[in-house]
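Residue-level listing of the chains:
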Amino acid sequence: MRRVWRGAVRFAVAHLVFPGPFNTTRGGCAFRVRSGGAPASPLASAASAAPRNLVTGWDGARSRESRVPSRESRSPVGGYPTRDSRLETRDTAAHHLITLLRAAVVRAAGRKTMAAGVGVLWLACSLRAWAAQEPAQEETPKPAPEKPTQNEYFGIPVSGTFSTKYRGRWTSEDRDQDLFHYLSVDFGDPARQDVTGHLLLRATQDVDGDRNPDEFFAFTDITNTFSNRNNGRLYYAYLDVTHAGPLDLARAGRQFLYETPALFYFDGFRLDSKPCAEVKNLQVGLYGGVPVHMYESSAGGDLLAGAYLEAQPWKGAKARVDYARIRDDYLFGTQRDDLWGASLRQSLGEILILHGQYTRLEAESRDLLLRANFYERSLDLRVDLSWYHLYNSQKILSIETDFFFSSAFDYFPYDQARLLVAKGVGEYLVVQGGVDVRELDDDAKEATFNREFRRFYLTPVFSNWPVPGLSLSLTGEAWEVPGTDNGDIRTGGFDVSHAYSPQLKLSAGVAYALFKYDFFANLERERVRTVYGKITYKDLNGFKLDVAYELEHDSLDDFRTLKVGAAYSF
């Protein structure tokens, strides 16, 4: 009986990925054989209906005419093949490769290794999508743009932004002044070039000079731990190759992955196959490399490798399965984590989107997220609802699966629900209201960065009222914090902004936060009241200037921050 079940599984996997060696339909992952436009012979038609061998995938009978180019498809001059014969040769070669891959998937389905099966599946789907494409007309290259872009060098468009910012911070005893410089550049236009490049750099300078990291300093951050006051970082630098053969995207370099169950930041590669229309638009991806930990002295021993499957099982749905293997060698020893993720997104018309994501770490459930987004344009009504559950305590893990363990230590299980409702009332008013609730599984394990609370708020927002360009919002809040000295709190805040022109905007406001995380000082500050103001100016040539001032008051001290920034987009 085990052999029967194993054979059934192998058969299902093979024929899900490869429904048939040839298919006369067009588009997606379908294949076709052309013989110079000549109709298929009765023998070839009969052969297409013959039973297939379950191991090799070959039909029981196949005419020679369906495998050899016809006389009409050959060029009369010099015997060189025509475009039709080249297409047939490519499809036939792809058929032979896919037949072998089908057998490989059958064998991989009976094994316990996922890497072999996903790798074969990725290559198979990529080949199917590639073989189904119509070759580009050699005589009709991509049309050149009528007018070159403003910043184009050697036919390659170049765009980006350079920005610099001054930040000064003061308390009654400490002060800190820093300069930040950012350069973001994009090379190439995806609509015109198959290869594009992307770059983001940052440089900082401590104007005040170096600080002793062993002494308490209100504005300590990680750049103060270096012996040099100047610090530079490469945030990302990668090349994208799009629509290359069987690949929808090939990326190499320093990059981020946002679609995965955890945020991955690494130096390496990413390969995405083209969607396979015959198999529910199935797309397979592979990625791997060395994780980027900006402030680690060495990346030795670190490794990241993963894969995903994504498909559209029915109308309006998108399903995705992820797997990643992470090795992290750092202060707390070597961590090896296997992270699994499964998500489903369902669109119901244009008004409702449902989303769910479940992740599993090693042999235990990690977390579950359920979310619903509703928007009805005719009613001018928006409703966002989400629920998150952390199943197990997060202890020593790789940095990719828990960025804050070294600061927050163990993170205990909890439930958190959020509700936001926004309704337009007339031409100028939108009323927003919501609830945020967090409940710990064990009340006794409440700790810094992980507290129970209930927050209720209501915010009316006026736009272009009482004068054009003026926006005004008022917020009323009620906090309930059981089991702490905070108790029940009622507070409010407001924000006002005025766009005097398309170039000039002024804004100011007052805000309140019961809990505010200070990641630089590794502190959780309570009852933080903030007063702020900002002026923004931007012209039509890509230049932008902004000046902002902020005053924060809490139980520790008054914190003042001045920011002056300038940016130029080219």
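Definitions and limits used
All residue numbers refer to position in the chain's written sequence, counted from 1. The model is predicted, so local features are restricted to residues of pLDDT at least 70 and side-chain atom pairs to those at 80 or more, both for listing and for counting; the totals for chains, interfaces and linings are taken over all residues. As a rule here, side-chain values come from all non-hydrogen atoms in the structure, and water together with hydrogens is ignored. Put simply, DSSP H or I for four residues or longer makes a helix, DSSP E for two residues or longer makes a strand, and each gets a number counted from the N terminus. Classification of residues uses two cut-offs on accessible area relative to the type maximum, computed with a 1.4 Å probe and protein chains only: under 20% is buried, over 50% is exposed, and between them is partly exposed. The contact criterion used is simple: two residues touch if any of their non-hydrogen atoms lie within 4.5 Å. Note on areas: these come from Shrake-Rupley sampling with a 1.4 Å probe, and a residue is covered only by the protein chains present in the view. Patch members must show over 30% relative accessible area and no salt bridge, and they are joined within 9 Å when carrying like charges or within 5 Å when they are nonpolar side chains of Val, Leu, Ile, Met, Phe, Trp or Tyr. A side-chain nitrogen of Lys or Arg and a carboxyl oxygen of Asp or Glu constitute a salt bridge if their distance falls within 4 Å. Whether two strands pair depends on DSSP finding at least two bridges between them. Only buried Ala, Val, Leu, Ile, Met, Phe, Trp, Tyr and Cys residues count toward a nonpolar core, and they belong to the same one when joined by side-chain atoms within 4.5 Å.

Visitor: Go over the overall build of the chain with me, naming the residues and quoting the values.
Guide: Within the chain, the secondary structure is distributed over 5 helices and 23 strands. Burial analysis of the chain (570 residues in total) assigns 37% to the buried set. Sequence-distant contacts, at least 24 apart, represent 51% of the contacts inside the chain between residues at least 6 apart. Total accessible area computed for the chain in this model is approximately 31900 Å², and 60% of it derives from carbon and sulfur atoms.

Visitor: Outline a nonpolar patch on the surface, listing residues and values.
Guide: The grouping of Ile535, Tyr537, Phe543, Leu545, Val547, Val564 and Tyr568 at the surface amounts to a nonpolar patch, some 540 Å² of accessible area in total. Breaking the nonpolar patch down by element, the ones donating at least two residues are strand E21 (523-538), strand E22 (543-553) and strand E23 (558-569). Here the element with the most residues in the nonpolar patch is E22; it accounts for 3 residues. Note on placement: Val547 falls in strand E22.

Visitor: Got a sec to walk through the pairing of strand E11 (residues 333-348)? Specific residues and values, please.
Guide: Here strand E10 (residues 317-330) runs beside E11; their pairing, made up of 14 bridges, is antiparallel. Within E11, the position partnered with Lys318 by the bridge is Arg345. In this structure, the hairpin formed by E11 and strand E12 (residues 352-361) is closed by a connection of 3 residues, where Gly349 is found at a positive phi of approximately 70°.

Visitor: With reference to specific residues and values, describe the nonpolar core.
Guide: One recurring pattern in soluble globular proteins is that nonpolar side chains are buried together. Leu257, Ala262, Phe264, Phe266, Tyr287, Leu304, Ala324, Ile326, Leu339, Leu361 and Leu397 together form the largest nonpolar core, which totals 11 residues. Not counting the four nearest positions on each side in its chain, Ala262 is found in contact with Leu257, Leu339 and Glu400. Formed by 7 residues, the second largest nonpolar core is a distinct cluster that contains Trp479, Val481, Tyr512 and Phe515.

Visitor: Pulling in residues and values, what's your account of the pattern of salt bridges?
Guide: Tallying each qualifying case throughout the model produces 15 salt bridges. Salt-bridge contacts for Asp272 lead to Arg270; the nearest nitrogen and oxygen are separated by 2.9 Å. You'll find Asp272 and Arg270 in the same group, each marked buried. For Asp384, the salt bridge goes to Arg382, with nearest N and O atoms at 2.5 Å. Take Asp384: its relative accessible area is 15%, and that puts it in the buried class. Three or more residues are tied together by salt bridges with common partners; here these are Arg418, Asp436, Arg455 and Glu477.

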